[in-house]
Amino acid sequence: DKRTILRLNNPPSLPHDTSRRMLTLSSRHARQTALVVARRRTLRVCGTHSASSSAKPDPPDAKSITGSRAALLAAGTVGLSLSVGFALGKAYRPPPQEAGDHRHDTLPNGLPRTCCDATEDKLSEAQKALPAKLKKIVGQENVLDGRVATTHTLPFLRGARLGQGRALCIVTPRFLQDVVDVVQAIVDADAVVLPQGQNTGLTGGSVPRNYYDGDDEDYRPVVLLSMKHLNRIFPLDDGQRLVCLAGTGLAEVIQFLQSEFPHRESHSTLGSTFLNPTTAAGVAFGSGGTQVRKGPAYTERALYLKVTTNKWKERIVEVVNTLGIEGMEDPQSERARKMDSVASRVDTWSRWIAGGYARNMRYSDEMNPHGKAPASDITYGERLCRPAVSEEDRISRFNADTRGPEPCRSEGKVVILATVHDTFPKPQQTKTFWISTDSFETALAFRKEVCLDNAQDLPLSVEYMDRDSFDVVDRAGRVLARIIQNVGTSSPIVKHFWNFKLWIEALPFDGAERVCDRILYNINHLVPSVLPSTIRDMGKRFNHHMALSVGEFGNGEMDRFLERMRAFQAKHGEIKIEAYECTKPSEAASLTAFRFVAAPAFRTYCIGQGLQGYSVDYALPKDDGSPPPLSDETEVEPAIPVKRMRYSHFACNVVHEDLAYDKDVDVEKAKHALKHAVEHTCHGKLPAEHGHGTEYIAPPASQERWKRMDPLNVFNPGVGGLSHKFQYKP
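Residues numbered from 1 in each chain as written. Predicted model: local features only at pLDDT ≥ 70, side-chain atom pairs only at ≥ 80, totals over all residues. Heavy atoms only, no water.

In the annotation of an unreviewed UniProt entry, the chain is listed under the name FAD-binding PCMH-type domain-containing protein and assigned to Amphora coffeiformis. Per UniProt, the comment on the chain under Cofactor (unreviewed entry) is "FAD". (UniProt positions renumbered as here; feature names shortened; annotations may be inferred.)

Another point: the overall build of the chain. Along the backbone of the chain there are 22 helices and 20 strands. In the chain, buried positions account for 61% of the 730 residues. Taking as baseline every contact in the chain between residues at least 6 positions apart, the subset at least 24 positions apart corresponds to 78%. Counting only carbon and sulfur atoms, one obtains 52% of the accessible surface of the chain, whose full area is about 29700 Å². (Helix = DSSP H or I, 4+ residues; strand = E, 2+ residues; numbered from the N terminus. Buried < 20%, exposed > 50% of the residue type's maximum accessible area, 1.4 Å probe, protein only. Contact = heavy atoms within 4.5 Å. Areas by Shrake-Rupley, 256 points an atom, 1.4 Å probe, with all protein chains shown as cover.)

One open sheet accounts for 5 strands, arranged 7-8-12-10-11; its pairing is antiparallel. Two strands lie at the open edges of the sheet, namely strand 7 (233–236) and strand 11 (315–321), each paired on one side alone. Sheet twist, expressed as the average angle between the axes of neighbouring strands with direction ignored, equals 25°. (Pairing = 2+ DSSP bridges. Axes fitted to C-alpha atoms, helices over the stretch in contact; angles between N-to-C directions.)

Residue-level pLDDT values for the chain average 82, and 79% of them are 70 or greater. Predicted confidence is poor over residues 84–104, with pLDDT under 50, and the contacts of this stretch with residues over four places away or in other chains come to 15 contacts. Note on residues 109–118: pLDDT under 50 across the span, and 34 contacts to partners over four residues away in sequence or across chains. (pLDDT = per-residue confidence, 0-100.)

Another aspect to go through is the pattern of salt bridges. Counted under the stated rule, the structure contains 37 salt bridges. For R241, the salt bridge is made with D237, and the minimal N-O distance between the two is 2.8 Å. Assessed through its relative accessible area of 9%, D237 is described here as buried. (Salt bridge = Lys/Arg side-chain N within 4 Å of Asp/Glu carboxyl O.)

Okay, helix 15 (residues 492–505) next. With 14 residues, helix 15 should cover 20 Å at 1.5 Å per step; its first-to-last C-alpha distance of 20 Å lies within 8% of that length. Those residues of helix 15 that fall on the buried side of the exposure criterion are V494, K495, F497, W498, K501, I504 and E505. (Expected span 1.5 Å × (residues − 1).)

Quick look at helix 17 (residues 533–541) now. What helix 17 keeps buried is the set I535, M538 and G539. Axial view of helix 17: buried residues confined to an arc of 105°, hence all on one face. The inward-facing, buried residues of helix 17 contact strand 14 (429–437), helix 13 (467–476), strand 16 (544–552), strand 17 (577–581) and helix 19 (585–596). (Arc of directions from axis to C-beta.)

To continue, consider the packing of helix 12 (residues 440–451) against helix 18 (residues 557–572). Geometry of a packed helix pair, given as the angle between the helix axes and the separation of the axes. Packing of helix 12 against helix 18 brings their axes to within 9 Å, and their N-to-C directions diverge by 145°. By crossing handedness, the relation of helix 12 to helix 18 is classed as right-handed. On the side of helix 12, the interface is formed by T442, A445, F446, E449, V450 and C451, while helix 18 contributes F561, R564, M565, F568 and K571. Within the contact of helix 12 with helix 18, the residues separate by chemical class into 7 nonpolar, 1 polar and 3 charged. (Left-handed = near helix turned anticlockwise from the far one by under 90°. Nonpolar A, V, L, I, M, F, W, Y, C, P; charged D, E, K, R; others polar.)

Counting residues in hydrophobic clusters, the biggest one holds 66 residues, and the most contacted among them are L134 and V183. For this core, the leading source of residues is helix 6 (residues 176–188), giving 8 residues. Look past the residues within four positions of V183 in its chain and what remains in contact with it is V193, L225, L305, V307, V317 and F715. Residues I483, F602, Y605 and C606 belong to the second largest nonpolar core, which totals 47 residues. (Core = buried A, V, L, I, M, F, W, Y, C linked by side-chain atoms within 4.5 Å.)

Where helix 16 (residues 512–523) contacts helix 20 (residues 598–609), the axes come no closer than 8 Å and their chain directions differ by 90°. One finds that helix 16 runs roughly perpendicular with respect to helix 20. Each of E513, R514, D517, R518, L520 and Y521 in helix 16 lies in contact with helix 20, whose residues at this interface are R603, T604, Y605, I607, G608 and Q609. Tallied by class, the residues present in the contact of helix 16 with helix 20 amount to 4 nonpolar, 3 polar and 5 charged. (Parallel < 35°, antiparallel > 145°, perpendicular 65-115°, else oblique.)

Strand direction decides the pairing type here: strand 10 (residues 302–309) and strand 11, joined by 7 bridges, are antiparallel. Across the sheet, the residue bridging to L305 is V319, located in strand 11. Counting the residues between successive antiparallel strands, the hairpin from strand 10 to strand 11 contains 5 residues, one of them, K313, with a positive phi of roughly 65°.

What follows covers the environment of K495. By secondary structure assignment, the location of K495 is in helix 15. A relative accessible area of 14% places K495 in the buried class. Each C-alpha atom of the pair K495 and A251 lies 9.5 Å from the other, and the pair is 244 residues apart in sequence.

Within the secondary structure, K643 is located in strand 19 (residues 643–649). The class of K643 is buried, set by a relative accessible area of 17%. Once you skip the residues sitting within four places of it in the chain, K643 turns out to touch D468, D471, V472, Y605, D658, L659 and A660.

Let us look at the sheet that holds strand 4 (residues 169–171). Spatial strand order, 3-4-6-5: 4 strands in an open sheet with mixed pairing. Whereas interior strands pair on both sides, the edge strands pair on one side only; in this sheet they are strand 3 (143–144) and strand 5 (192–196). When strand 3 meets strand 4, the two strands line up antiparallel, connected through 2 bridges. The residue of strand 4 that forms the bridge with V143 is V171. Of the strands in this sheet, strand 4, strand 5 and strand 6 (222–226) touch helix 6, which is tilted by about 175° from strand 6.

With that out of the way, let us pick up unusual backbone geometry. At the junction of L686 and P687, the peptide bond is cis and its omega measures out at -15° in the coordinates. Looking at the secondary structure, you find P687 in the loop between helix 21 (667–681) and helix 22 (700–709). For D237, which is not glycine, the phi dihedral falls at a positive 50°. If you trace the backbone, D237 turns up in the loop between strand 7 and strand 8 (241–245). Positive phi values are uncommon outside glycine, yet R409 reaches one of about 55°. By secondary structure assignment, the location of R409 is in the loop between helix 11 (380–385) and strand 12 (415–422).

With that settled, the discussion passes to the environment of R644. Locating R644 in the fold gives a position in strand 19. C-alpha of R644 to C-alpha of S469: the two residues are 175 residues apart in sequence and 7.6 Å apart in space. For R644, the side chain forms a polar contact with the main-chain oxygen of P628, separated by 2.8 Å. (Polar contact = N/O pair within 3.5 Å; in protein donor to acceptor, adjacent residues only side chain to side chain.)

Mapped onto the elements, L303 comes out in strand 10. In the structure, L303 is positioned 16 residues away from V319 in sequence and 7.1 Å away in space, judged by C-alpha atoms. The contacts of L303, once residues within four sequence positions are left out, are L176, V319, V320, N321, L323, V342, A343, V346, V415, I416, L417 and A418.

Attention shifts here to the packing of aromatic side chains. Going through the model one piece at a time under the given rule, you end up with 11 aromatic pairs. Judged by centre distance (5.2 Å) and plane angle (70°), the rings of F440 and Y464 are edge-to-face. Of the two residues, F440 sits in helix 12 while Y464 sits in strand 15 (residues 461–466), which places them 24 residues apart along the sequence. We classify F440 as buried; its relative accessible area is 6%. (Phe/Tyr/Trp six-rings, centres within 6.5 Å; stacked < 30°, edge-to-face > 60°.)

Sheet faces and side chains relate simply in a regular strand, where the side chains alternate between the two faces. The element strand 8 is largely enclosed, with a buried count of 4 among its 5 residues. Here strand 7 runs beside strand 8; their pairing, made up of 4 bridges, is antiparallel. Across the sheet, F234 pairs through a bridge with V243, a residue of strand 8.

In structure tokens:
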């Protein structure tokens, strides 16, 4: 093979060792360049769970044209309505009693309930000088005043569902070496670091909170470290793996692969993919349950930061490199590490790729143990299918699982800079079904006998929804579902729409945080449902539903799966189970969209109906999955929810529950009772994939693991019930 390197004129300089180690690429791979996702053209995402990947595209029949027009009408109506709502909101001031009616309601997003009022007299001189020092490192435009809540700072300071606070400042570095220097400056000033990705977390762990209790000696201001601008990607091993900088989002990974390696798929797909959550956050939480064959986000190859002390008691930022990439090894000498750091090498290489200065491929270092380490959860399928062999094996996955290296389920106790992830071959053919059953017991039997019969024939995905979930999404989620169906889960259009919604909710007028959802609820009926009429009818006749996708990879997997499914249907009959096969890619995309908007639709429903609500995620044992009681046996008459949405990643038994209550209900008490029932009655685990944050107390094993990672408690202090003080003082 002829070997070539493609370069443009005047590339930026690389460290001498990196340029010497540059690998060539055979001409057949020369076009497989990695480009920065931030400058990618908008790509339409066709449904990955298409009815048949081998089928020809649908002709532009009248129905599809009508659907496209409906999507455009929905988007236009939403934009106009939100703009009108903003204008009305600016002019409208509710009377005191009306404003007071909802001020203490509990909503699914957890209205602001924490803050951090750091005044100048509590800060040391080094802490007062810290913002100016950080501006010298990253540039003035990349440091915001986190003590002031504005439309610019609230997207960083307010959680997607829970928590709001203030920070000494918000730093948004654009290069990895700047992150290293920023963290060193923060710990030198005796401040703490709160790492944040796209701020899509749901349990309050990625936003500031106030722990100040009047003890000046222990007060440490928070610096919020946003990684969202570090969104560069480059491929490894001819596209079999990707290196993702910490700010790279899942939607960006999907777009990148569709453009550069269209025969490969991303390692993870979430219900919140349209919000572009970061790959680093996925590793830090172990999230991602929709992909049965791939498993949750997991890798043993990463570049990350820890803080330790040397023999002179100085706080040192340590760069840990387990990437296992040729040309990205640790320099041998201390002087070389300062002049030619691994972070600088990854920075420089990703910038070269981003700017189009090089198109050569990087490869894993097979002489390095890290180069052979897993970049995905390779035993996941076996764990799903086998019976529990130990107490730890009873539950497929949960946040407090202590397996794996430090970045995995670290929840901010290390700062992840970059991670390596496997990509996966696309199936040769796919089929998508909507399955409805008469009872949850029938659905459980279908999961055991059909979906999890063996690890070789696993489905691509199987997502469960109950009747309340079906009804709430149809009543309050049509607008967002229609947009996602037509532009795809990874389209920037959806993210821009969501950011506009967040911007309005951050405006300084009474009711701003609710106005968008009121509008979405009121115009919902104007938008056609995304589901085919047959599925809508099944939704009315049955109470339990599954969106199922299966794939063929060349070994007869699909035929064996479908044979088991037909046998199950024949055994139970149409009264107990009914299946609808999607015949068009647009129908398969509608099922994905309908399932993925469940969480935002719940908030819209609560606000539209004037209800309170809360959300919880948990993992149940493999051999069950039945709904937990709403309280333990000590409570005689638990509060009954108006709606109890249960939707789950059915294969791994990770459940998301959204419960809506009338305004006179003590929602915090109801939530505590349900959590207690999950753990003590059902023997489940809380949380499953959203992280502990400030909402859950981590078990002792997880807390001790985090303490070993961060012995000084300078990263994300207070997470999972840990002390917020230096070295975890009580």
